[in-house]
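Residues per chain are reported as follows:
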Amino acid sequence: MKISNDINEAVFWLSQNKVVAIPTETVYGLAANIYNEEAVNSIYKIKNRPSNNPLIVHIKSERELYKYVDHVPVKANLLAKTFWPGPLTLVLKKAAHIPNYITSNKDTVAIRVPAHKTTLNLLENLLFPLAAPSANPSNNVSSTTAQHVLDYFGDKLPFVLDGGSCAKGLESTIIGFEKGEPIIYRLGALSVEHIERVVGKVQIRNNATQNPDAPGMFSKHYAPKTPLYIVKNLEDFLSKANDTNCAYLGFDKPFIHSKINKNYLLSENKNFDEAASNLYKTLIEIDTQQFDLIVTQYLPEIDLGKSINDRLSRAAFQIN
Ligand code: TXA
Ligand code: MG
């Protein structure tokens, strides 16, 4: 696998119907031409992704939206105009020419304009949009650097387009519509507060088990290999634990305890954006060490704290 920031090389491989990893502001994606079934099938194979989990279509500008969808509710238009390019995915009625293998036979398509200079430049140089799920094997934590992609996939991919470390570090927020009203299917890098400032109160339907609309939202979806425990009372949990080699994943302050061998802090300044951008890379880093377990606690349920808590609960081995 080659890692480089050369857009021409990415264009070359994509035009050969190969899968290429691309940077976005949220996480890295595994991209292919939406109109080439074989290339799209390879994405599913490489990720070991179930075929009933549809892909996001990445387009180069908000103006292009109308080419790919059948109907745009007023509030969807407002959200696209406000937040694109950016970490927002809209699920809308698909245009007839969007292949069913992209949408897992649904009549809707998930679509977004990524806010990453390199990838926007790449999309400008292609004659087709890119289907791209996050660049991780199914059920693993998403990649936020080219090195993560390399470590996960090695020679299964010919090329990673290097765009540095992802600024947001958390997947896009996904919004669908019912009778023109927005519904959040997946919490993500665009906060609920930001969304509500533009379109008013939105419903959140983020839970896999009740949400056939976003089949990817299984409850365990972003787990590190080291078991992660979300605990209310750290002292109490650790006093009962048999394990002595634990890592603490904290928001701003370390937790000093004989069984905690290392503290990993998401943001010493208590900044939610910074915490989000550090979450996956910290979990991946912790997995390279030999800890018995990770203990953590929920962040405050505001701003991106909500999205981070969602990912923690999906990563958790146990919540007590
Ligand atoms: O930030 C992101 O969204 C990243 C970057 C690469 O753009 N992509 C990403 O893709 O997170 P993925 O495949 O890991 O997650 C996409 C989610 C899945 O849970 C899938 O079920 C949902 O989007 N989805 C895709 N098409 C859908 C549709 N038509 N209706 C409902 N949910 C859909
Ligand atoms: Mg994913």
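Please read all numbers here as calculations on a predicted model, not as lab measurements. (Residues numbered from 1 in each chain as written. Chains lettered and ligands numbered in written order. Predicted model: local features only at pLDDT ≥ 70, side-chain atom pairs only at ≥ 80, totals over all residues. Heavy atoms only, no water.)

A. Main features of the environment of Ile22. Among the secondary structure elements, Ile22 is positioned in strand 2 (residues 20-22). In this structure Ile22 comes out as buried when scored by relative accessible area, which is 0%. For Ile22, the residues in contact, after removing those within four places along its chain, are Val27, Tyr28, Gly29, Ala31, Thr119, Leu122, Leu130, Ala132 and Leu161. (Helix = DSSP H or I, 4+ residues; strand = E, 2+ residues; numbered from the N terminus. Buried < 20%, exposed > 50% of the residue type's maximum accessible area, 1.4 Å probe, protein only. Contact = heavy atoms within 4.5 Å.)

B. Structural context of the pattern of salt bridges. One pass over the structure, following the stated rule, counts 12 salt bridges. A salt bridge links Lys75 to Glu181; its shortest N-O distance comes to 3.1 Å. Residue Lys75 is found in helix 4 (residues 74-83), and its partner Glu181 is found in strand 10 (residues 181-186); the two are separated by 106 residues along the sequence. A relative accessible area of 23% places Lys75 in the partly exposed class. For Glu181, a relative accessible area of 37% translates into the label partly exposed. The partner of Glu178 in a salt bridge is Arg205, with the nearest N and O atoms 3.0 Å apart. Here the residue Glu178 occupies a position in strand 9 (residues 173-178), and Arg205 occupies one in the loop between strand 11 (203-204) and strand 12 (228-230), the gap between them amounting to 27 residues. Residue classification places Arg205 among the buried positions, given a relative accessible area of 17%. It is possible to trace a salt-bridge network through shared partners that takes in Glu171, Asp310, Arg311 and Arg314. (Salt bridge = Lys/Arg side-chain N within 4 Å of Asp/Glu carboxyl O.)

C. Representation of helix 8 (residues 192-199) in the model. For helix 8, every residue scored as buried is listed here: Val192, Ile195 and Val199. Down the axis of helix 8, the buried set is contained in an arc of 65°. They therefore lie on one face. Residues of helix 8 that are buried sit in contact with helix 4, strand 9, strand 10, strand 11 and helix 11 (304-315). Positioned one or two residues after helix 8, Gly200 has a phi angle of 80°, which is positive. (Arc of directions from axis to C-beta.)

D. Region of the structure containing the packing of helix 1 (residues 7-15) against helix 6 (residues 117-124). Closest axis-to-axis distance for the helix 1/helix 6 pair is 10 Å, and the angle between their directions is 50°. Taken together, the axes of helix 1 and helix 6 are oblique relative to one another. For the crossing formed where helix 1 meets helix 6, the hand is right-handed. Two secondary-structure elements touch here, helix 1 through Ile7, Ala10, Val11 and Leu14 and helix 6 through Thr118, Asn121 and Leu122. Residues of the contact of helix 1 with helix 6, tallied by class, amount to 5 nonpolar, 2 polar and no charged. (Axes fitted to C-alpha atoms, helices over the stretch in contact; angles between N-to-C directions. Parallel < 35°, antiparallel > 145°, perpendicular 65-115°, else oblique. Left-handed = near helix turned anticlockwise from the far one by under 90°. Nonpolar A, V, L, I, M, F, W, Y, C, P; charged D, E, K, R; others polar.)

E. Highlighting the packing of helix 4 against helix 8. Running from amino to carboxyl end, helix 4 crosses helix 8 at an angle of 120°, the nearest separation of the two axes being 10 Å. It follows that helix 4 is oblique to helix 8 by the angle criterion. Every pair of crossing elements has a handedness; the one defined by helix 4 and helix 8 is right-handed. On the side of helix 4, the interface is formed by Lys75, Leu78, Leu79, Thr82 and Phe83, while helix 8 contributes His194, Ile195, Val198 and Val199.

F. Quick look at helix 10 (residues 272-288). Taking 1.5 Å of rise per residue, 17 residues should cover 24 Å, and helix 10 covers 25 Å from first to last C-alpha, within 8% of that figure. For helix 10, the principal kink sits at Leu279 and spans about 40°. Among the residues of helix 10, Phe272, Ala275, Ala276, Ser277, Asn278, Leu279, Tyr280, Thr282, Leu283, Ile284 and Ile286 are the ones counted as buried. Check the buried side of helix 10 and you find it contacts helix 7 (146-153), strand 12, strand 13 (246-250), strand 14 (260-265), strand 15 (293-296) and helix 11. (Expected span 1.5 Å × (residues − 1). Bend = angle between axes of the 7 residues up to and from the residue.)

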